[in-house]
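The primary structure of each chain is shown beneath.
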Amino acid sequence: MKRLGIFFFYEKNGYVDSFLTYYLADLAKNLTELVVVCNGKLSEQGRAAFLQFTQNIIVRENKGLDVWAYKTALDSYGWPALATFDEVVMTNSTMMGPVRPLREMFDAMAENEDLDFWGLSLHHGAKSNPFKGKQLYSYLPVHIQSHFIVYRKRFLQSAALQKYWDTMPMIEGYTDSVLRYESVFTKIFADQGYRWDVYVKTEDLAEFTDYPLLICPTMLLRDRKCPLFKRRSFMHDYEAYLNDTAGETVLQLYEYLRDHTDYPLALLWENMIRTMHPYDFTRNLALTRVLPADRVTEPEAAKALCANRKIALGMHLYFMDMLGQSYAFAANMPPETDVYITTDHADKKAEIEKAFATLPVHAVSVQVVENRGRDVGALLCDLAPHLQGYDYACFMHDKKAIQTKPGSVGASFGYICTENICKNAAYVRNVLNEFEADPYLGILCPPYPTHGAYFMNLCSGGWGPNFDNTKSLAKKLGIAVPMSGEKSPLAPFGSVFWFRPKALTALFAKGWQHEDFPPEPLAQDGTISHAIERIYPFVAQAAGYYPAIVMSKEYAVLQASAMQAYTVGLIRPLARVLDCTTFWAASQSVGAFSARRHFGLRHYGPYENTRRRHARNWLRDHLPPAFYKALMGAKRAIFGPHGQHEEE
């Protein structure tokens with residue numbers, strides 16, 4: 001069979017990940033010719049990757065989305081030439097796989113010679129049309145999904161198809177693409193009598209979900225011979241999954257790929273870490289660690305790790321009344337650990353050396369450093385040179401949070417840090433085993449506190465007034481990874497965490513000096529130290545690793561109860577005035593309510609609200625810079641920042 005493949009590619013930097021060449025390697029076995037259409041940039045690396053499969057590479061302006069990319073390829077051949085092919089396959093870079101040979105699908109569909117066009121999978125539509133724009137129908141029709149669709153020869157020769165593509169208007173955005181192309185193409189031509197079908201049969205799932213490939217991909221791969229899965233599965237909003245599932249979808253998909261297919265999972269990790277926000281894929285894949293402290297779960301692995309890996313503990317100790325607690329923290333480390341301690345005075349150094357003289361570890365070193373920058377300054381200026389040669393390291397300081405009132409609130413913040421990072425010796429070994437078992441894990445952090453005044457962390461996703469200064473620091477470090485003010489950084493709030501030193505090389509190697517930090521008294525928030533506290537996970541991601549949260553089993557129970565209390569406490573009163581029948585309905589209702597004008601005031605709403613943006617710009621242009629900065633800092637601390645979402 002003579003078959004042409006049209007492959008649409010978009011990536012903002014033009015980089016071609018290995019999962020795409022893996023897909024194309026199998027697809028090309030079933031093609032006579034292949035044309036690649038790239039919207040926007042194509043890097044030298046990307047061009048070399050595609051040249052393995054074809055010389056026919058079209059790089060065009062990034063406009064018109066996938067629709068005009070396909071149109072560009074069709075126009076480049078012309079209808080007479082296209083009609084010489086038995087099939088034209090149109091697919092794109094949103095797909096991953098295959099988990100089984102694509103030839104199975106092509107051979108199976110070839111048995112149905114009566115089809116004019118066919119595809120991989122079906123979207124079951126909706127009774128109403130959720131997309132607002134130039135709608136052809138008041139509902140969302142059942143349709144072949146555009147990530148994989150095939151035209152047969154007689155369809156290519158039809159005047160109707162040729163007119164459809166020749167008169168295709170410019171596509172102005174995603175919604176326009178859905179309304180003019182993907183959701184209507186199947187119905188337009190079915191209504192004219194053209195015959196179509198899909199390879200993965202899901203008609204029986206129409207009442208189960210409208211989008212089987214996203215909501216139940218494991219079922220399709222395992223039971224219905226689906227060869228491909230969606231890259232979007234791993235970056236899809238977890239909140240959206242919760243509208244249709246309990247959140248298990250992506251974890252089940254990953255476990256199936258790992259346990260029942262030969263698909264190289266390194267291809268998935270490479271792309272996730274390079275292009276996706278960890279806030280998304282760590283939640284979708286349930287990568288939060290909940291570890292026991294009553295036993296070492298893999299004792300032999302822990303024993304081998306301690307014997308063959310270099311382990312370090314860095315500590316900045318300032319409060320001598322907390323020296324006993326700091327010693328207890330360090331005593332949980334394996335005997336092979338090297339401990340590096342900084343403090344700010346020679347008298348304290350002597351007191352620490354005396355207290356730590358009996359610590360059962362490999363070595364203890366104490367040095368006096370300038371306290372400017374406090375624990376963060378000590379880590380980057382003084383401890384980092386010692387830690388860089390180790391396989392795994394932990395950093396802690398004697399966190400007192402004396403500015404927080406009542407004192408119990410600050411003390412509980414310290415409890416969260418120590419409980420989840422170094423609960424006891426067994427727990428520490430379980431943490432180390434996590435790093436050893438997962439080569440992509442770069443940082444393990446405690447969850448941020450949400451009790452007392454720290455409840456505001458939930459409002460800002462942990463950013464507080466630190467989004468802009470963190471983005472600025474990332475730019476200075478040359479870090480270009482997805483960063484959004486709408487998504488929480490998986491960062492070590494409180495500066496107590498585990499990490500691979502090589503994951504933080506870009507930060508450690510900057511050449512920090514204590515003069516880079518503001519002098520005392522240090523502001524409670526919004527400083528370079530607070531930006532550094534949030535930059536750690538992004539530095540690790542840029543180095544090819546991902547950050548995750550770690551909790552003891554005991555604390556995980558406490559947090560689950562706390563989150564349940566927060567949810568019930570807020571949703572119950574909201575349910576009296578808003579539609580809270582599902583999570584999606586509740587979030588939409590609250591979002592719409594917050595964006596309306598109430599009592600003559602503009603409440604917090606979407607950043608896309610142009611009046612809100614214009615108001616911010618007016619304030620920026622008319623207020624003194626210091627006052628404007630303070631005003632925006634207060635706003636972000638209360639409502640959270642707005643960052644540009646990463647490309648999908």
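Whatever comes next refers back to the structure up there.
These numbers were taken from a predicted model, which means no experiment stands behind them. (Residues numbered from 1 in each chain as written. Predicted model: local features only at pLDDT ≥ 70, side-chain atom pairs only at ≥ 80, totals over all residues. Heavy atoms only, no water.)

Trainee: Any chance you could explain the packing of helix 19 (residues 407-421) against helix 25 (residues 553-574) here in plain terms?
Mentor: How two helices pack is summed up by the angle between their axes together with the distance between the axes. Viewed as axis vectors pointing N to C, helix 19 and helix 25 meet at an angle of 135°, and their least axial separation amounts to 9 Å. With respect to their mutual orientation, helix 19 and helix 25 come out oblique. Contacts between helix 19 and helix 25 involve Y415, I416, E419 and N420 from the first element and E554, Y555 and L558 from the second. For the contact of helix 19 with helix 25, a count of residues per class yields four nonpolar, one polar and two charged. (Axes fitted to C-alpha atoms, helices over the stretch in contact; angles between N-to-C directions. Helix = DSSP H or I, 4+ residues; strand = E, 2+ residues; numbered from the N terminus. Parallel < 35°, antiparallel > 145°, perpendicular 65-115°, else oblique. Contact = heavy atoms within 4.5 Å. Nonpolar A, V, L, I, M, F, W, Y, C, P; charged D, E, K, R; others polar.)

Trainee: Honestly, the sheet that holds strand 3 (residues 57-60) in this entry has me stumped. Any pointers?
Mentor: Within a sheet, adjacent strands bond to each other through the backbone by hydrogen bonds, running parallel or antiparallel. Strands sit in the order 3-2-1-4-9-6-10 across an open sheet of seven strands; the sheet is mixed. The open sheet terminates on both sides in strands that have one partner only, identified here as strand 3 and strand 10 (196-198). Strand after strand, the sheet turns through a mean of 15° between neighbouring axes, direction not considered. Bridging between strand 1 (residues 3-9) and strand 4 (residues 87-92) involves six bridges; their strand directions are parallel. Among the inter-strand pairings, L4 is bridged to a residue of strand 4, identified as V88. (Pairing = 2+ DSSP bridges.)

Trainee: Is there a simple way to think about the pattern of salt bridges in this case?
Mentor: Should their charged atoms come close, side chains of opposite charge can pair. Per the counting criterion, the structure on display carries 24 salt bridges. Between K187 and D191 there is a salt bridge; the shortest N-O distance is 3.1 Å. D191 gets classed as exposed once you look at its relative accessible area, which sits at 53%. Notably, a salt bridge pairs R289 with D438, separated by 3.0 Å at the nearest N-O pair. Taken together, the positions of R289 in strand 12 (residues 289-291) and D438 in the loop between helix 20 (425-437) and strand 17 (441-445) put the pair 149 residues apart, joining distant regions of the chain. The buried category is assigned to R289, whose relative accessible area is 9%. (Salt bridge = Lys/Arg side-chain N within 4 Å of Asp/Glu carboxyl O. Buried < 20%, exposed > 50% of the residue type's maximum accessible area, 1.4 Å probe, protein only.)

Trainee: Looking at this model, I keep getting lost on the nonpolar core. Mind explaining?
Mentor: For soluble globular proteins, the rule of thumb is that nonpolar side chains tend to be buried together. Of all hydrophobic cores here, the largest spans 105 residues; its most connected members are L120, F148, F234 and W498. The biggest single contributor to this core is helix 13 (residues 265-275), with six residues. With near-sequence residues (within four places) excluded, L120 lies in contact with M95, M105, H147, F148, V198, Y199, V200, L213, C226, P227 and L228. Core analysis: the next-biggest nonpolar cluster, separate from the first, contains 45 residues, L380, A384, C445 and L507 among them. (Core = buried A, V, L, I, M, F, W, Y, C linked by side-chain atoms within 4.5 Å.)

Trainee: Is there a simple way to think about the pairing of strand 3 in this case?
Mentor: Along a regular strand, successive side chains alternate from one face of the sheet to the other. Inspection of the sheet shows strand 2 (residues 33-39) paired to strand 3 by four bridges, in the parallel sense. From the neighbouring strand, N39 faces strand 3, where its bridge partner is R60. In this fold, strand 2 hands off to helix 2 (residues 44-51), which returns the chain to strand 3; that crossover is right-handed. (Right-handed = clockwise from strand over helix to strand, strands pointing away.)

Trainee: How do you make sense of the sheet that holds strand 12 when you look at a structure like this?
Mentor: Taken in spatial order, the eight strands make up an open sheet running 12-19-17-18-16-13-14-15, and their pairing is mixed. Two strands bound the open sheet, and with one partner strand each, they are strand 12 and strand 15 (363-368). Taking the axes of each pair of neighbouring strands and ignoring which way they run, one obtains an average angle of 20° across the sheet. Running at roughly 100° to strand 19 (residues 546-552), helix 19 makes contact with strand 16 (392-397), strand 17, strand 18 (497-499) and strand 19 of the sheet.

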